[in-house]
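# Observations on the three-dimensional arrangement
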Amino acid sequence: IKNAISFLLSGNMAGIISVLLTSLLGLPVPFAAVHLLFINLLTDSLPAIAIGMESASKDLLRQKPRDPKEPILNRPLLLSIFGYGALIAAATLTAYFVGLNAPNGGDGLAMTLAFATLTLARLFHGFNCRGKGSIFHLGLTTNKASLAAFGVGVLLLSAVLFIPGLTSLFQIAPFTMAQAGLIVVLAFLPTLVIQIYKVIRDAVRK
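Below you will find a few notes about this structure. Note that the coordinates shown come from a computational prediction; the quantities given were computed from them, not determined experimentally.

### With respect to the nonpolar core
In terms of nonpolar packing, the biggest core is built from 31 residues, with Phe115, Leu120, Leu161, Ile172 and Phe175 touching the most fellow members. Going through the elements one at a time, α2 (33-43), α4 (75-101), α5 (107-128), α7 (144-162) and α9 (177-205) are the ones with two or more residues in this core. Beyond its immediate sequence surroundings of up to four residues, Leu161 is in contact with Phe115, Ala116, Thr167, Ile172 and Phe175.

Structure below.
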């Protein structure tokens, strides 16, 4: 339950931060309503379901009992939600400003790059929220549902970005292959930072 909450709230936190900062700066909104509906109804639901199918940790019975009075949204979980959300927001806003200031850019391209980066970053983020340990500790292939959720999510995003009828429906502006590569890099960076942090934290604890 906590892992699913962490995934959903940190992803939404990234969207809130992005909208809040652009509004404070007097800039055009980074997402259309249809973008947020797509993220919340389709790409978010799949990794959240996959997280619920994660196997129990092998050291479960060696962990200390949980305090029954402790709230679900405790301090460590809240800190991780804000931290993860800030990282994803930073990647999203970077894509937004690249689109806004590109030679062929403008409001439409900025919105397109921000939407694609946030969606893909949240799909990657599903792997971060599978458990407390790093993906190297959990194993990339131990939860087949998470791999399937990521694959289906990428296919849905690709359809929206490249299929003509859907591009007009989702207000997708034309973008270059270099900008597509930038989307992938920026979307992956938060997960890379989080996984490096988890590896270092696990090593220190050991």
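### What to know about the environment of Leu182
Position of Leu182 among the secondary structure elements: in helix α9. Judged by its relative accessible area of 28%, Leu182 is partly exposed. Between the alpha carbons of Leu182 and Leu147 there is a distance of 22 Å; along the sequence they are 35 residues apart.

### What about the pattern of salt bridges?
Taken as a whole, this structure holds four salt bridges when the rule is applied. Between Arg201 and Asp202 there is a salt bridge; the shortest N-O distance is 3.5 Å. Residue Arg201 shares its accessibility class with Asp202, and that shared class is buried.

### Quick look at the packing of aromatic side chains
With the rule as written, the count across this model stands at seven aromatic pairs. Look at Tyr96 and Phe97: their rings are 5.3 Å apart centre to centre, the planes differ by 85°, and that puts the pair in the edge-to-face class. You can call Tyr96 buried: its relative accessible area is 1%. A relative accessible area of 31% places Phe97 in the partly exposed class.

### Focus: the side chain of His35
Its place among the elements puts His35 in helix α2. A polar atom in the side chain of His35 sits 2.7 Å from the backbone oxygen of Phe170. Sequence-distant contacts of His35, that is, excluding residues within four places in its chain, are made with Met111, Phe115, Phe170, Gln171 and Ile172.

The rules behind these values
Residues numbered from 1 in each chain as written. Predicted model: local features only at pLDDT ≥ 70, side-chain atom pairs only at ≥ 80, totals over all residues. Heavy atoms only, no water. Core = buried A, V, L, I, M, F, W, Y, C linked by side-chain atoms within 4.5 Å. Buried < 20%, exposed > 50% of the residue type's maximum accessible area, 1.4 Å probe, protein only. Helix = DSSP H or I, 4+ residues; strand = E, 2+ residues; numbered from the N terminus. Contact = heavy atoms within 4.5 Å. Salt bridge = Lys/Arg side-chain N within 4 Å of Asp/Glu carboxyl O. Phe/Tyr/Trp six-rings, centres within 6.5 Å; stacked < 30°, edge-to-face > 60°. Polar contact = N/O pair within 3.5 Å; in protein donor to acceptor, adjacent residues only side chain to side chain.

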